[in-house]
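Examination of the molecular architecture
Residue strings, one per chain:
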Amino acid sequence: MTAIELCRRPTICSRTDAINHLTSRGVALRTVYNPTPRERPHEVKRVFSAPMAGCLGWRQLSFHGTEWDYRHYEGRAYEILASPRGRAAILEGRIIWRLALEILGDDARQRAAEGPSNDVSRYAQEVRLGQESYLDDALTAEEIDIICGTYKVADAGHAEPAHLSWWPRPMQWKTSGLNLGYWTQQAEQWFVTRIGNIRQGRAEPMSGKSWKSSMRIHSGAFKLRTVCDRELDKFLVDKLLATIMNHEQ
């Protein structure tokens, strides 16, 4: 869907234009960097070791976050976002993008077009295009948990800990009724209301189940988005194959 949108906008004439457009709307994107053999790590992993690991710590089942807890969370998130790693948060789009702008300000969007960051050769995601391998800035799962304000909770009877978070984690956002592929006015209204309630002590960290039930605004949004992406992928592949065949003739 993103590729189709960019192709249909005549004002987008360069890589920078495309990046600025997407980052103004909270769309997830990847920028690729082809490192020299000296810059490329000996062993490329999807995401390298995190400079900051973990989440916001362990809490009891009875935990109710306070304004102080939220301020502590903002400080931890700022440590990641203000570092070179913050560029990856802008590229993530959706809720991670919005939290980065909330903590760093709108000027943080410019970092996407200025990349890659100085950390790309150490903490990177591998992007494969055909036979070629490229790198791009990427966050680790632990860093994403911190940016979303995630706590681990020991849940009796379960081997894995439960999670509470100030903000929905990426998969919770992806499958929610607010995710339409870009940051909508309705998503912004939801965000402003949520952060206002937090600062007034009327909201607290929520479980994955609670996030799922609270964001069923458009029940068919995720299914519609999935179908659209599948059909548009097919359209692009068919167009590409037709172009190649016509060129060969």
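Look up a bit, the structure's there.
Residues numbered from 1 in each chain as written. Predicted model: local features only at pLDDT ≥ 70, side-chain atom pairs only at ≥ 80, totals over all residues. Heavy atoms only, no water.

Some details on helix α3 (residues 67-81)
This is how it is decided: Helix numbering and strand numbering both begin at the N terminus, where a helix is a DSSP run of H or I of at least 4 residues and a strand a DSSP run of E of at least 2. By definition here, a helix of n residues has an expected span of 1.5 Å times n minus one. Only protein chains enter the calculation, and the probe is 1.4 Å; a residue is then buried if its accessible area is under 20% of its type maximum, exposed if over 50%, and partly exposed in between. Arc definition: directions from the helix axis to the C-beta atoms. Note on contacts: a residue pair is in contact if any heavy atoms of the two residues lie within 4.5 Å.
Between its terminal C-alpha atoms α3 stretches 21 Å, which fits the 21 Å expected from 15 residues at 1.5 Å a residue. Every buried residue of α3 is accounted for by Asp 69, Tyr 70, Tyr 73, Glu 74, Ala 77, Ile 80 and Leu 81. The arc that holds every buried residue of α3, seen down its axis, measures 140°, which confines them to one face. With respect to the buried face of α3, the exposed residues turned more than 90 degrees away are Trp 68 and Arg 71. Contact partners of the buried residues in α3: α4 (86-92), α5 (94-104), α6 (110-114), α7 (141-147), β4 (150-153) and α9 (185-199).

Observations regarding the sheet that holds strand β5 (residues 162-165)
Cut-off, in case you're wondering: For two strands to be treated as a pair, DSSP must find no fewer than two bridges joining them.
Taken together, four strands build an open sheet; the order of strands is β1-β4-β5-β6 and the sheet is mixed. Edge positions in the sheet fall to β1 (58-59) and β6 (206-207), since each has one partner strand and no second. As defined by bridge partners, β5 adjoins β6 across two bridges and the pair is classed as antiparallel. Within β6, the position partnered with Ser 165 by the bridge is Met 206.

A word on the packing of aromatic side chains
Rules: Two rings from Phe, Tyr or Trp (for Trp, the six-membered ring) form a pair when their centres sit within 6.5 Å of each other. Planes less than 30 degrees apart are called stacked, planes more than 60 degrees apart edge-to-face, and all others tilted. Geometrically, a lysine NZ or arginine CZ counts as sitting over a ring once it is within 6 Å of the ring centre and also within 35 degrees of the ring normal.
Applying the stated criterion across every chain yields a total of ten aromatic pairs. Centroid distance Trp 173 to Trp 190: 5.5 Å. Interplanar angle 50°. Geometry classified as tilted. You can see Trp 173 sitting in helix α8 (residues 170-174) and its partner Trp 190 sitting in helix α9, a full 17 residues away along the chain. Judged on exposure class, the residue Trp 173 and its partner Trp 190 are both buried. Ring pairs connect the aromatic residues Trp 97, Trp 167, Trp 173, Trp 183, Trp 190, Phe 191 and Trp 211, which therefore count as one cluster. Directly above the ring of Phe 63 sits Arg 59, whose terminal nitrogen or CZ lies 5.3 Å from the centroid. Above the ring of Trp 167, the side-chain terminus of Arg 194 is found at 5.8 Å from the ring centroid.

Examining the nonpolar core
Definition in use: To qualify as a nonpolar core, a set must consist of buried Ala, Val, Leu, Ile, Met, Phe, Trp, Tyr and Cys residues joined through side-chain atoms within 4.5 Å.
Counting residues in each nonpolar core, the largest one holds 46 residues, and the members touching the most others are Tyr 73, Ile 95, Trp 167 and Trp 190. When residues in this core are grouped by element, the largest group, seven residues, is from α5. Not counting residues within four places of it along the chain, the set of residues in contact with Trp 190 comprises Ile 95, Trp 167, Pro 168, Trp 173, Leu 178, Trp 211 and Met 215.

Considerations on the environment of Ser 133
Convention followed: Any pair of N or O atoms that falls within 3.5 Å is considered a polar contact. Within protein, one atom must be able to donate a hydrogen and the other to accept it, and sequence-neighbouring residues count only if both atoms are side-chain atoms.
Position of Ser 133 among the secondary structure elements: in strand β3 (residues 132-137). For the pair formed by Ser 133 and Pro 35, sequence separation is 98 residues and the distance between their alpha carbons is 9.3 Å. A distance of 2.6 Å separates polar atoms of two side chains, one belonging to Ser 133 and the other to Glu 126.

Section: unusual backbone geometry
The phi angle at Arg 94 is positive, at roughly 55°, despite the residue not being glycine. Mapped onto the elements of the fold, Arg 94 is located in helix α5. Relative accessible area serves as the criterion here: at 25%, Arg 94 is assigned to the partly exposed category.

Let's talk about the pairing of β4
Pairing analysis gives two bridges linking β1 to β4, with the strands arranged parallel. Looking at the pairing, Trp 58 lines up with Lys 152 of β4. Here four bridges tie β4 to β5, and the two strands are oriented antiparallel to one another. Pairing of Lys 152 across the sheet is with His 163, part of β5.

Remarks on the pattern of salt bridges
Applicable threshold: Here, a salt bridge means any side-chain nitrogen of Lys or Arg that lies within 4 Å of a carboxyl oxygen of Asp or Glu.
Using the criterion set out here, one finds nine salt bridges in the structure. Beyond isolated ion pairs, a larger network of salt bridges with shared partners links Arg 30, Arg 87, Asp 136 and Asp 137.

A closer look at the packing of α3 against α5
Basically, it comes down to this: A fitted line through C-alpha atoms represents every axis, and for helices the fit uses only the stretch in contact; the resulting angles, taken between N-to-C directions, go from 0 to 180 degrees. Each angle gets one of four labels, with under 35 degrees taken as roughly parallel, over 145 as roughly antiparallel, 65 to 115 as roughly perpendicular, and the rest as oblique. Residue type decides the class: Asp, Glu, Lys and Arg count as charged, Ala, Val, Leu, Ile, Met, Phe, Trp, Tyr, Cys and Pro as nonpolar, and the leftover types, Gly among them, as polar.
The N-to-C vectors of α3 and α5 enclose an angle of 100°; their axes lie 10 Å apart at closest approach. Between α3 and α5, the interaxial angle falls into the category roughly perpendicular. Where α3 abuts α5, its residues Tyr 73, Ala 77, Tyr 78 and Leu 81 lie against Leu 99, Ala 100, Ile 103 and Leu 104. When the residues that make up the contact of α3 with α5 are grouped by side-chain class, the tally is eight nonpolar, no polar and no charged.

So, the side chain of Gln 172
Positionally, Gln 172 belongs in helix α8. For Gln 172, a relative accessible area of 18% corresponds to the buried category. At a separation of 2.8 Å, a polar atom in the side chain of Gln 172 contacts the main-chain amide nitrogen of Arg 169. Aside from chain neighbours lying at most four places away, what touches Gln 172 is Ser 165, Gly 208, Trp 211 and Met 215.

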